[in-house]
Structures are given as structure tokens and as C-alpha cells.
Amino acid sequence: MAGSISARAISDRESSVRRHAGATFSGMTHPIVHVEYPEWVDNTVDWNRRYLSDDDRMRVAIAVARANVEQSTGGPFGAAIFESRSGRLVAVGMNAVVRLNNCVLHAEMMAFMMAQQRVASYTLNAPSLPEHELHTSCEPCAMCLGATLWSGVRRVVYGAAREDASLLNFEEGPVFPESYHYLESRGIEITRNLLRDEARVVLELYRAKSGKIYNG
Ligand SMILES: [Zn+2]
């Protein structure tokens with residue numbers, strides 16, 4: 001009797017584990033997508049500081065991009081999301097395409113995902129939230145620019161230009177002047193080429209290390 005109870009307990013537990021892993025009736029286990037920061041993030045980012053100037057905010061994005069290259073955890077791109085007025089750092093993102101086998105994990109996408117988890121809202125533009133803005137070390141690609149609209153940030157500031165990324169054969173995809181006009185017409189402010197030279201240095205560092213070009 002005890003044995004059968006025990007067996008049922010194990011069986012219940014196994015089915016619970018399977019449910020957690022996303023098992024289906026066919027018995028196939030589906031993957032779960034797990035997104036996390038590399039270990040170095042807390043050594044690179046000061047979460048408690050208030051970042052009051054644009055330069056300060058962009059330097060967080062660039063520092064994350066640089067660490068990603070130096071620690072060999074991904075491509076030379078970093079991003080950060082701040083509360084616009086308070087300068088509170090809400091999330092950072094670093095390119096994790098190769099590390100996590102996931103083509104959507106550009107720095108900006110990671111930053112959006114982490115910020116939205118942190119504030120527990122699918123949009124950073126919820127009525128209960130302060131305004132947020134994205135700083136990214138390089139001009140966003142087509143995917144990230146699209147996601148910018150849905151993310152709820154009210155402002156985008158980028159460092160290096162798409163031409164700088166193109167020199168490394170990274171491709172930005174179908175981004176047109178109209179793409180920016182559309183975002184601006186929806187009330188999203190765009191600031192271009194802030195600290196471009198500092199941002200470009202990280203791209204050069206990546207090229208010098210012969211980093212992998214994963215979408216070019
Ligand atoms: Zn992108």
C-alpha cells in the first residue's frame with residue numbers, strides 16, 4: 001500500500017514536472033525559452049545610481065556593449081532603459097543571439113523584455129508608469145525599431161550609426177526614413193549619434209577580436 005502511494009506521489013510529481021516543461025499529450029517536451037543576463041552584468045552596471053544626463057545614460061549602453069565583447073558573451077551591442085525624469089536605470093540589454101541561440105535577442109529586445117518584467121507590464125507606457133526611454137549603443141535594426149513602437153518607450157537615443165555597423169557586415173534590415181517618421185508621428189522622440197565615436201570604438205574592438213557576424 002505504502003509503495004503504491006509512493007508510486008503515485010512520484011507519478012504526480014513527474015507529471016507536474018512535465019507540465020512545467022510544457023509536455024503535450026503526444027509526450028513530446030517542448031522547449032522553454034529562458035533569457036538571462038551574463039554573470040558580469042552587476043560588475044558593469046551600477047543599478048543604484050541616478051543617470052541624469054544623456055551622456056551618462058548612453059555610457060551605460062556602451063559599457064554593456066564593451067563588456068559583452070570583452071567577456072566574449074555576444075555581439076558588440078548594448079542598451080539600457082531609464083525612467084526619463086528620475087534617471088533610474090530599469091534594465092539593460094546586451095546582444096545574446098549566439099549565447100542563447102535566439103535571433104531576436106538583440107540588445108534592445110533584451111532591454112525591453114527585462115524592463116517589462118521588472119515593472120510587470122507588457123508596455124512601458126502604462127498609465128501607472130513614468131515615462132521611459134531607450135539608449136542603445138548602435139542604431140536599431142528593423143526588428144528593434146518595430147519593437148520600440150510596442151515597447152512603450154517615449155524616446156530612443158542611439159550612438160553609432162547603421163553605417164558603422166555595416167562596416168562589420170552587420171545588417172540593419174529594412175529601416176527607412178519613413179520608419180523613423182512613423183515612430184515620431186506616434187510621439188516617440190529620436191536622438192541620433194550621441195557619443196558616436198565612443199560607441200564605434202566597441203565595434204572596432206569586436207572587429208579586432210574577429211567576433212562572429214551572425215546576421216550579415
Ligand atoms: Zn536589433
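First, a word on what this report is: a plain description of the structure on this page.

Some points on the overall build of the chain
Thinking step 1. Each helix and strand counted, the chain has 8 helices and 5 strands in total.
Thinking step 2. Along its sequence from the N terminus, the chain presents helices and strands in the succession α-α-α-β-β-α-β-α-β-α-α-β-α.
Thinking step 3. Of the contacts made within the chain by residues no fewer than 6 positions apart, 63% connect residues no fewer than 24 positions apart.

Overview of the sheet that holds strand β4 (residues 155–160)
Thinking step 1. If you trace the 5 strands from one edge of the open sheet to the other, you get β2-β1-β3-β4-β5, paired in mixed fashion. In this open sheet, the two strands that pair with only one neighbour each are β2 (89–94) and β5 (189–191). Strand-to-strand twist in this sheet, taken as the mean axis angle between neighbours without regard to direction, amounts to 15°.
Thinking step 2. Across the face of the sheet, helix α3 (residues 54–70) comes into contact with β1 (78–83), β2, β3 (132–138) and β4 while running at roughly 145° to β1.

Section: the packing of helix α4 (residues 107–119) against helix α5 (residues 142–151)
Thinking step 1. Running from N to C, α4 and α5 cross one another at 20°; their axes reach a closest spacing of 9 Å. Our classification of the angle between α4 and α5 gives roughly parallel. Regarding α4 and α5, the two cross each other, and that crossing is left-handed. Residues E108, M109 and F112 of α4 form the contact with α5, whose own contacting residues are C144, A147 and S151.
Thinking step 2. Classifying every residue of the contact of α4 with α5 by side-chain character gives 4 nonpolar, 1 polar and 1 charged.

Regarding the pairing of β4
Thinking step 1. For β4, a buried count of 5 out of 6 residues is recorded, marking the element as mostly surrounded by other parts of the structure.
Thinking step 2. In the sheet, β3 pairs with β4 via 5 bridges, with the strands oriented parallel. Pairing of T136 across the sheet is with Y158, part of β4.
Thinking step 3. Regarding topology, α5 serves as the crossover connection from β3 to the parallel β4, and that connection is right-handed.
Thinking step 4. In this structure, β4 lies alongside β5, joined through 3 bridges in parallel fashion.

As for α4
Thinking step 1. The terminal C-alpha atoms of α4 lie 18 Å apart, and with 13 residues this matches the ideal 18 Å at 1.5 Å per residue to within 8%.
Thinking step 2. Taking burial as the measure, the 13 residues of α4 include 10 buried ones, the bulk of the element.
Thinking step 3. Residues of α4 that are buried include every one of A107, E108, M109, M110, A111, F112, M114, A115, Q116 and V119, and no others.
Thinking step 4. Buried residues in α4 make contact with α3, β1, β2, β3 and α5.
Thinking step 5. Downstream of α4 by one or two residues, A120 has phi in the positive range, about 55°.

Description of the packing of α3 against helix α8 (residues 196–208)
Thinking step 1. At a minimum axis separation of 10 Å, α3 and α8 run at an interaxial angle of 10°. As far as their axial angle goes, α8 and α3 are roughly parallel. Contacts from I62, A65, R66 and V69 in α3 reach E198, A199, V202, L205 and Y206 in α8.
Thinking step 2. Split by residue class, the contact of α3 with α8 holds 7 nonpolar, no polar and 2 charged.

Calculation notes
Residues numbered from 1 in each chain as written. Predicted model: local features only at pLDDT ≥ 70, side-chain atom pairs only at ≥ 80, totals over all residues. Helix = DSSP H or I, 4+ residues; strand = E, 2+ residues; numbered from the N terminus. Contact = placed C-beta atoms within 7 Å. Pairing = 2+ DSSP bridges. Axes fitted to C-alpha atoms, helices over the stretch in contact; angles between N-to-C directions. Parallel < 35°, antiparallel > 145°, perpendicular 65-115°, else oblique. Left-handed = near helix turned anticlockwise from the far one by under 90°. Nonpolar A, V, L, I, M, F, W, Y, C, P; charged D, E, K, R; others polar. Buried ≥ 20, exposed ≤ 12 C-beta atoms within 10 Å, placed from the backbone. Right-handed = clockwise from strand over helix to strand, strands pointing away. Expected span 1.5 Å × (residues − 1).

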